[in-house]
Amino acid sequence: MKKKTRSKAEKKMRNYRKKSGLPPGSLVYTGSAEGETKLRLISFDKDSVTQSEKGNIREMAGQIAPGRNNWLSVTGLNDTEQIRLIGEQFGIHPLLLEDALNTDSFPKIEDTSDTLFISLKMLSWKNENRSIASEQISFILGKDFILSFEERPNELFERERQRLLNGPEKTREKGPDFLAYILIDQIIDNYFLVLGEIEDRIEETEMDLLNDSDEVTPLQMMHLKKQLIMFRKFIYPLRDAVRKLQRDDSALIDRKTLRYVNDLYDHLQNIIQNLESFRDITTGLMDLYSNSLSNRLNSIMKTLTVIGAIFIPLTFIAGIYGMNFANMPELNHPLAYPAVLVFMLLIAIAMIIWMKRKKWF
Amino acid sequence: MKKKTRSKAEKKMRNYRKKSGLPPGSLVYTGSAEGETKLRLISFDKDSVTQSEKGNIREMAGQIAPGRNNWLSVTGLNDTEQIRLIGEQFGIHPLLLEDALNTDSFPKIEDTSDTLFISLKMLSWKNENRSIASEQISFILGKDFILSFEERPNELFERERQRLLNGPEKTREKGPDFLAYILIDQIIDNYFLVLGEIEDRIEETEMDLLNDSDEVTPLQMMHLKKQLIMFRKFIYPLRDAVRKLQRDDSALIDRKTLRYVNDLYDHLQNIIQNLESFRDITTGLMDLYSNSLSNRLNSIMKTLTVIGAIFIPLTFIAGIYGMNFANMPELNHPLAYPAVLVFMLLIAIAMIIWMKRKKWF
Amino acid sequence: MKKKTRSKAEKKMRNYRKKSGLPPGSLVYTGSAEGETKLRLISFDKDSVTQSEKGNIREMAGQIAPGRNNWLSVTGLNDTEQIRLIGEQFGIHPLLLEDALNTDSFPKIEDTSDTLFISLKMLSWKNENRSIASEQISFILGKDFILSFEERPNELFERERQRLLNGPEKTREKGPDFLAYILIDQIIDNYFLVLGEIEDRIEETEMDLLNDSDEVTPLQMMHLKKQLIMFRKFIYPLRDAVRKLQRDDSALIDRKTLRYVNDLYDHLQNIIQNLESFRDITTGLMDLYSNSLSNRLNSIMKTLTVIGAIFIPLTFIAGIYGMNFANMPELNHPLAYPAVLVFMLLIAIAMIIWMKRKKWF
Amino acid sequence: MKKKTRSKAEKKMRNYRKKSGLPPGSLVYTGSAEGETKLRLISFDKDSVTQSEKGNIREMAGQIAPGRNNWLSVTGLNDTEQIRLIGEQFGIHPLLLEDALNTDSFPKIEDTSDTLFISLKMLSWKNENRSIASEQISFILGKDFILSFEERPNELFERERQRLLNGPEKTREKGPDFLAYILIDQIIDNYFLVLGEIEDRIEETEMDLLNDSDEVTPLQMMHLKKQLIMFRKFIYPLRDAVRKLQRDDSALIDRKTLRYVNDLYDHLQNIIQNLESFRDITTGLMDLYSNSLSNRLNSIMKTLTVIGAIFIPLTFIAGIYGMNFANMPELNHPLAYPAVLVFMLLIAIAMIIWMKRKKWF
Amino acid sequence: MKKKTRSKAEKKMRNYRKKSGLPPGSLVYTGSAEGETKLRLISFDKDSVTQSEKGNIREMAGQIAPGRNNWLSVTGLNDTEQIRLIGEQFGIHPLLLEDALNTDSFPKIEDTSDTLFISLKMLSWKNENRSIASEQISFILGKDFILSFEERPNELFERERQRLLNGPEKTREKGPDFLAYILIDQIIDNYFLVLGEIEDRIEETEMDLLNDSDEVTPLQMMHLKKQLIMFRKFIYPLRDAVRKLQRDDSALIDRKTLRYVNDLYDHLQNIIQNLESFRDITTGLMDLYSNSLSNRLNSIMKTLTVIGAIFIPLTFIAGIYGMNFANMPELNHPLAYPAVLVFMLLIAIAMIIWMKRKKWF
């Protein structure tokens, strides 16, 4: 058990050790995904499109067509040397590449004069452990290229690639900035799916609480709350970054694309509003659960008290007549026994009426 | 049960699937209202007014009078092709139409140079399930036209239409911006009604708590709280959008109308202040409920303790004299029995006095 | 009961109906004060002062002296026609008059180029129901006039009027802006009195909690909290409005008067700081009350447990020797009875010592 | 009791009455300090220093040396006429003097073009009632003078005066702005002492909670919390005022002194950070206390339940064999009695094992 | 005990006394580290590097090479006279040196035109008391020098020094601003380690709560919370300071280094986001703990109630037939005894079924 819980600090320590002793800008992949690094280049303009997959940027370099739009997709981030070479090829600042590989970092957008760096998290809902899984995806945008870095091969962008390759001419008209928008829009669309899953979990929990089901445990609620916290942790920085992008008027983003950026911003705001609502509702559920515990305790104690209030006095009376004093004249009266029984009954009835009035049952 | 709670994620998934594979700006209606799309055009200026209802924008196109004020009201959003054609007719950016049809989005105002897009929620109180129902209403404002998009036919704007058609000349003097203000004002007036309903629910709950009524359940309070959360979710973005409108000085809003925009803003601020108060009060009610539970538990346990404290010792004494030892000299004393009874009475009285002093009853 | 709680929504509905069907700027008084509308005009400059009371603005119109300072005080807002005429006389925008009559609105200051509209709440403490009562007071300030609108006749401004009429020349030197400041300052001074009353209530509650008095009920605290919420609801918008006034540099406010506006702002900030403190303290009192409930429960349960722990085992022992087995040799031993009594005593003493160590009493 | 708690509103009312009927700018001392008003003037420049104490500003007027730095220290604020005269002598706006005398006001800094008004609270810790005591101290800064207003004679500034009178030449080189800084720095240094006292109280409380000491009462924690609230109430406005001073670039503050103002600001930020931490910790302590109450209740109820679970069934068994049925064959078996005793023992052991497993003791 | 808790106020008092009576800018080391002050100078440019260790700045002065980059590292801050001399040597404002020595201060960055002062806390996790330890580290940056002040000798910067001395030429190319960045980056890297340790503690606690372990005490959680509070106290001012640095565009920071400053800012934001998450999670754990207490109480009371509900009525029945009335006909019936036993059994079974239905066990 201890072993497991130690792992976070150990992992951080390991990453730290991996990196320490190296100057800033050194490339270390801090994620856990394995698998080799694959490159795929799509070069397109209005008139034509070409695609090539190579394992090596040197072989690919010749195919990068200046003046056309080049989308170099990098999948798997273990081969840091390869990634360094890609950076050199496109003239990327090493710090940006470092950020693309550092999966512990938060979403951000950095605008240097000649490139725009965007990193964000792709979130997905894992039903097996009812948790959000995250993967870091980064984009580096230049005048005539877009680099995308993914930790693992994803289905996510497949459709866009197919459309680029086979779709109508119109889809190839726009530049890398619009392509970046399309890809990010896919990722944010996924956020809505995760949001929907969380909403379902919340409603299930509420329903269970309503039915006083034993399935609800505070640990489950806590787990749900942690998913919300994690979601928030990734989405707030992204929202702020997009807002900055809206305002700063980057040279790399076309005026027309900016309208789409506004759209992204609205989507993110929408998600955040929903997250805040969920947070309030989850807090409310916690209160509800506490109250349901109190209610149960009340009901348990009422039962004990009702039984105690009826039988403890009666037992005492029975005890009285169980005493062995020589001189207890009433014991010999022939009607004493039924009289006592009736008396006991009257006491019990009085108790019950009194408790009914107090609305105890 | 599961089936029902699954539906949110499924619905989102469905909408997502409907939309995915389509480029941005594709028109998909994400709401649940059925019924065909109806168009109604009111063309007016100071001197005259004409109205026509057609099912088809092509037939209607000829009646749109440039230079006059044209109010095209679209009711029912299922016929997305029709809506695309309307967009073309008036030169609306596809993203705006997409927003008008996407009922999952939040209120917003978007100012492109030649159109002003406004979307907001019409809220109404449904007494049957004590919930707020929402419907999305969008406006697109141009120099000489206003398009309104409603999910379902509404009584809400009926009065305004009648006034335009039959009212005094003065009502037709002002442009589409003022008409938009009038319509939005109607919607916001409705918010006050919903606010009043919520206030009533809160007061009912408070009254029930005061009367220690069993009708109050924490789930009801939670439900109320969720209505507040939902209300807030829709009103904050609207307030922010109106504030932006106040500041940005849109070319489509007349200086004179701007004063009315200020008025809208004040109304929204007023609503928000009330919502925040309600939120605080609802939190207070939750605390009140918790305390009332604790109070009840105290009262229950007091009863048990009072009874226990009196009778448990007495029962013990009775038990003593119920023992069968051969040599218990006091058993034979003729006054022993009444003496023990008196002793028991004294103990009971002492207990009662002691507990009275502790203010237990 | 239901009837009463229904009234808020009904009232809002009624006001809404009163107003609906009317264009914006229609004058409807939404308050509950009855009594006829009275006008009183004080015309003053450095050298002289005249006062006239009429029931009708038309008769009064001749006495409004342009160039001199005119204070038209309107008391009772039921005669909306009269108020419309006043608006016409002074050239007031109908929306401002609407705001002056709409008592559901929140404090605000609106600066049109030629008039300054100020509306705020006069608060007073009603001892009979320990609540804050509010009345709306509005001012419209022009170059040479100030209109004041009060729902009911107030003593509040009596002193200022007397000073204007009978005071030294100096008091008549300054313009309507300074007069407005003086009147608002009176209202804000009243806020401090209300603040003091609330502080007293808080201290009473604290004292009662300290004495474990039964007088404290969570409903009382809730009521107190609601007074704070209500106070805040009125004072925050006012503070914001005054801040805007400080910044916007209205043409209607003399540079010298601006310093007094700063003073108002400081007073409001002071009140807000106090309200926030009260809010924190009230929350603390709620916690205190909860804890006192828990403490009482603990003390109740301790009593039951102490009694139970002592007597339940002893009763069992007595029960043993109350059994009717034929062969219970110890029953016949002559010292058995006193030995058992001593044994019981020892058990009781041991229990008491053990519980003393646990600090149960 | 009532009498005492009434006093706050009464005091406010009294101050209000004292002031009401007077125009703004009227001087009323609202504090409670008694004692006559004393004046002390220190006139200094680089080369020389003179000191004089008079009871009357008229006599002192001649000694105020224009061009030199004059520090007029006013101790005791009851003689408002004297203070009015001082204001006239130095050309101070009456509103500023009113603020200096109004001890109900909050810290503020007001920059008129020719004077800088600073008012703040001197805080000190009173061990006898474990409370913060506050006294208002105000400064009015001019080109060549500084006026200081203290409610009571203080040791606080004694050292500075001695240094001015007897210290090295260097201390007299700087102007009134630097002197003001030095004096305010003394006051803020005191804040750190109060902070330290509060920290001690918090640690004591924590220690007591750890030792489950009965000394901790929620009322004590509440009292501590109120001290924090009071502290915050005074320090936030001061921080804001100092920030404004930093930004506004007053003509009365030398560039070189401004760096010291930054230092003050840092000190205040430091204090606020600490206060916020204390606030969080105090909230945590409250939670801790609640939990310790619950823990105790659990432990109490466990005791009762353990005893009940063991003896209630046994007592029932004893009761069975205490019944007087004629036909109870087992009663006559010679081994029945020991067999029942063993049976009882086994039940008790089984109960104890079961409860041990549940970790009840 | 008291003695120990007194120490904070006493220490503050002592520091205060140490400092009081001294003018601002007087140098007093307020930390607790002992050991003598050591100086180490590294003078470097692209081409060469020299290192010297002296105990005295006067001896060292000759080695400070203007035009080259000089890193003077001061370890141990007790010798304030030495530090004053260093200040003189480099022309540092005394207030900055005072801040470097005042370990009670919070992180800050101060930009005078010719020097940049940076002070921050080095944090480390102490496993022995599961607490964060802090040490103040300050930097003063000039055109051609960087002074670093450490309370104790640290391993932290050893690697950087070795790289400067022995590393490739490239590491010596950049100026003091970049060196400062490198050193601060080391400190912030350490923050991540501390963050990881806290995360481990939180997960351990959660795991313990899940296992209903007795090891979790609210005091432990409180302790954890205090570590978070302490961390926040140090990191927020640092973040704000770095943001100011980003914006203010100091002359001492090269454009190229500014990008690295952005990187620092991102790291700090990342840490803050994590701290906020931890804060939410810790609050959640507290709630979880409270709920687990309630759950246990419920389970305890259920046990008592179940036992009571079964045996109290039965004991009463046994009591009835233990009474000694002469005339109790049923006592003599031969089947009465087994009949009563069966009756008792039926009652017990009915009770158990009823409680099973209520899901009590």
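Residues numbered from 1 in each chain as written. Chains lettered and ligands numbered in written order. Predicted model: local features only at pLDDT ≥ 70, side-chain atom pairs only at ≥ 80, totals over all residues. Heavy atoms only, no water.

Regarding the overall build of chain A
1) Next: Along its length, chain A carries nine helices and seven strands.
2) Next: Taken over C-alpha atoms, the radius of gyration comes to 34 Å for chain A, far larger than the 21 Å a tight globule of 361 residues would show.
3) Next: With 361 residues in all, chain A has 59% of them scored as buried.
4) Next: In chain A, the share of contacts with a sequence separation of at least 24, taken over all contacts with a separation of at least 6, comes to 66%.
5) Next: Put simply, chain A shows about 15200 Å² of open surface, and 52% of that area lies on carbon and sulfur atoms. (Helix = DSSP H or I, 4+ residues; strand = E, 2+ residues; numbered from the N terminus. Rg over C-alpha atoms; globule rule 2.2 N^0.38 Å. Buried < 20%, exposed > 50% of the residue type's maximum accessible area, 1.4 Å probe, protein only. Contact = heavy atoms within 4.5 Å. Areas by Shrake-Rupley, 256 points an atom, 1.4 Å probe, with all protein chains shown as cover.)

Concerning the interface of chain B and chain C
1) Next: In this assembly, 65 residues from chain B lie in contact with 66 residues from chain C.
2) Next: The junction of chain B with chain C conceals about 5900 Å² of combined surface from both sides, 62% of it contributed by carbon and sulfur atoms.
3) Next: For the chain B face of the interface with chain C, the top three residues by lost area are R259(B), F316(B) and F325(B), together amounting to 12%.
4) Next: Connecting chain B to chain C are five salt bridges.
5) Next: Put simply, D280(B) and R232(C) hold a salt bridge, and the shortest N to O gap is 2.7 Å.
6) Next: Our enumeration of links across chain B and chain C arrives at 16 residue pairs in polar contact (both at pLDDT 80 or more).
7) Next: It is helix α8 (residues 255-320) of chain B that provides the largest number of residues to the side of chain B that touches chain C, a total of 30 residues.
8) Next: The residue inventory of the side of chain B that touches chain C, partitioned by class, reads 27 nonpolar, 20 polar and 18 charged. (Buried area = accessible area lost by both parts, 1.4 Å probe. Salt bridge = Lys/Arg side-chain N within 4 Å of Asp/Glu carboxyl O. Polar contact = N/O pair within 3.5 Å; in protein donor to acceptor, adjacent residues only side chain to side chain. Nonpolar A, V, L, I, M, F, W, Y, C, P; charged D, E, K, R; others polar.)

A few points about the sheet that holds strand β7 (residues 145-150) of chain C
Residue and element names in this part refer to chain C.
1) Next: Strand order in this open sheet of seven strands is β2-β1-β3-β7-β6-β5-β4, and the pairing throughout is mixed. Across the chains shown, the open sheet's two edge strands, defined by having one partner strand only, are β2 (49-54) and β4 (108-111). Strand-to-strand twist across the sheet, computed as the mean angle between neighbouring axes with direction ignored, equals 15°.
2) Next: Packing against the sheet, helix α4 (residues 94-101) makes contact with β4, β5 (116-126), β6 (131-141) and β7, and its axis sits at approximately 160° to β6.
3) Next: Contacting β1 (38-44), β2 and β3 (69-75), helix α5 (residues 158-166) runs over the sheet at an angle of about 40° to β1. (Pairing = 2+ DSSP bridges. Axes fitted to C-alpha atoms, helices over the stretch in contact; angles between N-to-C directions.)

Quick look at the interface of chain C and chain D
1) Next: Between chain C and chain D, the contact holds 65 residues from the first and 66 residues from the second.
2) Next: Regarding the contact of chain C and chain D, the summed buried area is about 5900 Å², with carbon and sulfur atoms giving 62% of it.
3) Next: Per-residue buried area on chain C facing chain D is highest for R259(C), F316(C) and F325(C); these three make up 12% of the total on that side.
4) Next: Along the contact surface separating chain C from chain D lie five salt bridges.
5) Next: Residue D280(C) is joined to R279(D) by a salt bridge in which the shortest nitrogen-to-oxygen separation is 3.9 Å.

Structural notes on the relation of the copies chain C and chain D
Two copies of the chain are present, and they differ by a rotation about an axis and a shift along that axis.
1) Next: Laying chain C over chain D is done by rotating through 72° and shifting 0.0 Å along the axis; what remains is an RMSD of 0.1 Å. Taken together, the turn and the small shift mark the pair as related by a five-fold rotation axis. Taking C-alpha positions as the reference, the residue of chain C nearest the rotation axis is G322(C), at 4.7 Å.
2) Next: Looking at chain C, a mere 12% of its interface residues are interface residues in chain D too, so the copies touch through different faces. (Least-squares fit on C-alpha atoms with pLDDT ≥ 70 in both.)

Notes on the side chain of T257(B)
All names here are of chain B.
1) Next: Tracing the backbone through its elements, the reader meets T257 in helix α8.
2) Next: One polar contact links T257 to D177, side chain to side chain, over a distance of 2.9 Å.
3) Next: Contact partners of T257, with chain neighbours within four places excluded, come to D177, F178 and Y181.

Remarks on helix α7 (residues 218-248) of chain E
1) Next: When the terminal C-alpha atoms of α7(E) are compared, their 45 Å separation across 31 residues agrees well with the 45 Å that a helix rising 1.5 Å per residue should span.
2) Next: Once α7(E) finishes, D249(E) follows within two positions and takes phi at roughly 60°, a positive value. (Expected span 1.5 Å × (residues − 1).)

Things to note about the pairing of strand β7 (residues 145-150) of chain B
Regular strands place their side chains on alternate faces of the sheet.
Residues and elements named next belong to chain B.
1) Next: With six of its six residues buried, β7 lies for the most part within the structure.
2) Next: Side chains F145, L147 and F149 of β7 all project onto a buried face; the interleaved residues I146, S148 and E150 project onto the opposite face, where all are buried too.
3) Next: Relative to β7, strand β6 (residues 131-141) runs antiparallel, the two being bridged by five bridges. The residue of β7 that forms the bridge with L141 is I146.

Remarks on the relation of the copies chain B and chain C
1) Next: Expressed as a screw transformation, the operator carrying chain B onto chain C has a rotation angle of 72° and an axial translation of 0.1 Å, and the superposed copies differ by an RMSD of 0.0 Å.
2) Next: Of the residues that chain B buries at the interface, just 12% are likewise interface residues in chain C, meaning the two copies contact each other through different surfaces.

Quick look at the pairing of strand β5 (residues 116-126) of chain D
Residue and element names in this part refer to chain D.
1) Next: Counting buried positions along β5 gives ten out of eleven residues, so the element sits mostly inside the fold.
2) Next: Relative to β5, strand β4 (residues 108-111) is paired through four bridges, and the arrangement is antiparallel. Its bridge partner lying in β5, E110 is registered against F117.
3) Next: Connecting β4 to the antiparallel partner β5 that follows it, the hairpin turn spans four residues.
4) Next: Inspection of the sheet shows β5 paired to strand β6 (residues 131-141) by eleven bridges, in the antiparallel sense. Within the sheet, the bridge partner assigned to L123 lies in β6 and is S134.
5) Next: Counting the residues between successive antiparallel strands, the hairpin from β5 to β6 contains four residues, one of them, R130, with a positive phi of roughly 50°.

What about the domain arrangement of chain A?
For an interface, size is often stated in terms of accessible area lost upon the parts coming together.
1) Next: For chain A, the domain assignment lists domain 1 (2-291) and domain 2 (295-357).
2) Next: Relative placement of domain 1 of chain A and domain 2 of chain A: their C-alpha centres are 73 Å apart. (Domains from an automatic or database assignment.)

Thoughts on the environment of T112(B)
1) Next: Structurally, the position occupied by T112(B) is in the loop between β4 (108-111) and β5 (116-126).
2) Next: We classify T112(B) as buried; its relative accessible area is 9%.
3) Next: The sequence separation of T112(B) and H93(B) amounts to 19 residues, and the corresponding C-alpha distance is 9.1 Å.
4) Next: Filtering out sequence-adjacent residues up to four positions away, T112(B) remains in contact with R259(A) and L96(B).
5) Next: Within the structure, the side chain of T112(B) is placed 2.7 Å from the side chain of T115(B), a separation counted as a polar contact.

A few points about a negative patch on the surface
1) Next: A surface patch of like charges, here negative, comprises D287(A), D287(B), D287(C), D287(D) and D287(E).
2) Next: When you line up the elements, D287(D) lands in helix α8 (residues 255-320). (Patch = residues over 30% accessible without salt bridge, like charges linked within 9 Å, V, L, I, M, F, W, Y side chains within 5 Å. Lys, Arg positive; Asp, Glu negative; His and termini not counted. Charge placed at Lys NZ, Arg CZ, Asp CG, Glu CD.)

Examining the pattern of salt bridges
1) Next: The full count for this structure, using the stated rule, is 90 salt bridges over all chains.
2) Next: Among the salt bridges present, the one from K108(C) reaches D266(B), with a minimum N-O distance of 2.6 Å. Highlighted residues: K108(C) in strand β4 and D266(B) in helix α8, drawn from two different chains.
3) Next: Connected through shared salt-bridge partners, D99(A), K108(A), E110(A), D263(E) and D266(E) make up one network.

Some points on the arrangement of the chains
1) Next: Here chain A and chain C are not in contact; the least distance found between their C-alpha atoms is 9 Å.
2) Next: In this structure chain A stays clear of chain D, and the shortest span between their C-alpha atoms is 9 Å.

What about the sheet that holds β4(D)?
Residues and elements named next belong to chain D.
1) Next: Spatially, the seven strands line up as an open sheet ordered β2-β1-β3-β7-β6-β5-β4, and their pairing is mixed. With one partner strand each, in any of the chains shown, β2 (49-54) and β4 form the two edges of the open sheet. Ignoring which end each strand starts from, the neighbouring axes of this sheet average 15° apart.
2) Next: Strand direction decides the pairing type here: strand β1 (residues 38-44) and strand β3 (residues 69-75), joined by seven bridges, are antiparallel. Within β3, the residue paired with I42 across the bridge is W71.

A short note on the packing of aromatic side chains
Residue and element names in this part refer to chain B.
1) Next: Applying the stated rule across the entire model yields 50 aromatic pairs over all chains.
2) Next: An angle of 45° between the planes, with centres 6.2 Å apart, marks the rings of F139 and F157 as tilted. In this pair, F139 sits in strand β6 while F157 sits in the loop between β7 and α5 (158-166), placing the two residues 18 residues apart along the sequence. In terms of burial, F139 and F157 fall into one category: buried. (Phe/Tyr/Trp six-rings, centres within 6.5 Å; stacked < 30°, edge-to-face > 60°.)

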